[in-house]
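# Chains, contacts and geometry: an overview
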Amino acid sequence: MLFQFDQLSGTDRYHLITQTVTPRPIAWIMTRNENQSYNLAPFSFFSAISPDPALLVVSIGNKTADLQKDTKHNLIREQECVLHIPSGEQIEAVNRSAATLAYGESELDDGGLTLVDFTPHLPRIAEAKVAMHCRLYEMHPIGTSSFNACYLEILSLHVDDDILKQENGRNIINNAQLNPLSRLGGNDYALIGQTLTIKRPE
């Protein structure tokens, strides 16, 4: 079947994109609310785009036509976040944190996650094996949609010691131990499963 995107609604496009551009890594982003509580939300329109400057991009929409998602609102105000790479063990917590709450209500209030010191203003989730302190580098509106491309510069990176080793002077992260959680379409998630190793040609 051929889908002509200029003949589809935004919702139909979204469902086709999220079921074909898979698997997608998950950016599990913590920001600070105005009442000093912490917002936590997962985003899978997410990728790395540059090592110098060290940039990630996360596409963030709105709750409604006139109401920004809490993460976007907080990023604009605070200019920073902690971005976690969740593991399969956190799937329930990741899914819970996708719930739509009133602004200022924290997804961390239901327990199950431990916060530890990380940056001067933001903690990190202890259970997440990878956490990045990022500052908002740029934010661009995307067409006439509610989405913004949020470019995040990595300032520091935490990696749990038990998944990290050095080999030939390079830091190697054990993907099997990281067990990164990824997003598919609908209600589906995926884990890394089988990996294939092949040397890049000269």
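Not measured: the values here are computed from a predicted model.

## Some details on the environment of phenylalanine 45
Mapping phenylalanine 45 onto the fold places it in the loop between β3 (38-43) and β4 (46-51). Discounting chain neighbours no more than four positions away, the residues touching phenylalanine 45 are Tyr14, Ile17, Thr18, Arg24, Val57, Val58 and Ser59.

## Overview of the pattern of salt bridges
Under the defined criterion, the tally for this structure stands at eight salt bridges. With a closest N to O distance of 3.2 Å, glutamate 78 and arginine 77 form a salt bridge. Among the salt bridges present, the one from arginine 135 reaches glutamate 153, with a minimum N-O distance of 2.7 Å. Within this pair, whereas arginine 135 is found in strand β11 (residues 130-141), its partner glutamate 153 is found in strand β12 (residues 148-159), the two being separated by 18 residues in sequence. Through salt bridges with shared partners, one network takes in Arg32, Glu34, Arg77 and Glu78.

## Considerations on the layout of surface pockets
The calculated volume of the largest pocket comes to roughly 730 Å³. Lining the largest pocket are 34 residues, and of these Tyr14, Pro42, Phe43, Lys69 and Ala98 sit closest to its centre. Breaking the lining of the largest pocket down by element, the ones donating at least two residues are α1 (10-20), β3, β5 (54-60), β6 (62-64), α2 (70-78) and α3 (91-96). The element contributing the most residues to the lining of the largest pocket is β3, with four residues. Split by residue class, the lining of the largest pocket holds 14 nonpolar, 14 polar and six charged. Put simply, the second largest pocket is a space of about 290 Å³. Around the second largest pocket, the lining is made up of 17 residues, and of these Pro25, Phe46, Ile85, Leu178 and Pro180 lie nearest the centre. Elements represented by at least two residues in the lining of the second largest pocket include exactly β4 and α4 (175-178). Among the residues forming the lining of the second largest pocket, the class breakdown is 14 nonpolar, three polar and no charged.

## With respect to the sheet that holds β4
As summarised here, the arrangement of the seven strands in space is β3-β2-β8-β11-β12-β5-β4, forming an open sheet in which the pairing is antiparallel. Two strands in the sheet have a free side with no partner beyond their single neighbour: β3 and β4. Here the average twist between neighbouring strands, direction ignored, is 35 degrees. Strand direction decides the pairing type here: strand β8 (residues 80-85) and β11, joined by six bridges, are antiparallel. The partner of cysteine 81 across the bridge, within β11, is cysteine 134.

## Quick look at the side chain of serine 97
Looking at where serine 97 falls in the secondary structure, it is placed in the loop between α3 and β9 (115-117). On the accessibility criterion, serine 97 (3% relative accessible area) is buried. For serine 97, the side chain forms a polar contact with the main-chain oxygen of valine 94, separated by 2.7 Å.

Rules of the game
Here, residues in each chain are numbered from 1, in the same order as that chain's written sequence. In keeping with the predicted nature of the model, local features appear solely for residues at pLDDT of at least 70, side-chain atom pairs appear and are counted solely at 80 or more, and the whole-chain, interface and lining totals rest on all residues. With hydrogens and water excluded, all non-hydrogen atoms of the structure serve as input to the side-chain values. Runs of H or I in DSSP of at least four residues are treated as helices and runs of E of at least two as strands, each being numbered from the N terminus. By the convention used here, residues are in contact when the closest approach between their heavy atoms is within 4.5 Å. By salt bridge we mean one thing: a side-chain nitrogen of Lys or Arg within 4 Å of a carboxyl oxygen of Asp or Glu. Both cavities and pockets are sets of points on a 1 Å grid over the protein atoms alone; in a cavity a 1.4 Å probe fits but cannot get out, in a pocket the set is open with protein on both sides within 12 Å along at least five of seven lines, and lining residues sit with an atom within 4 Å of a point. Grid points are joined across faces, edges and corners, and a volume is the space filled by probe spheres set on the points. Only Asp, Glu, Lys and Arg are considered charged in this grouping, and only Ala, Val, Leu, Ile, Met, Phe, Trp, Tyr, Cys and Pro are considered nonpolar; every other residue, Gly among them, is considered polar. DSSP calls a pair of strands paired once it identifies at least 2 bridges connecting them. Only the contacting stretch of a helix is used when fitting its axis, a line to C-alpha atoms as for every element, and angles between N-to-C directions run 0 to 180 degrees. The cut-offs for exposure are 20% and 50% of the maximum accessible area for each residue type, with area from a 1.4 Å probe on protein chains only; residues under the lower value are buried, those over the upper are exposed, and the others partly exposed. Here a polar contact is recorded for every N or O atom pair within 3.5 Å, except that within protein the pair must consist of a potential hydrogen donor and a potential acceptor, and residues adjacent in sequence are included only if both atoms are side-chain atoms.

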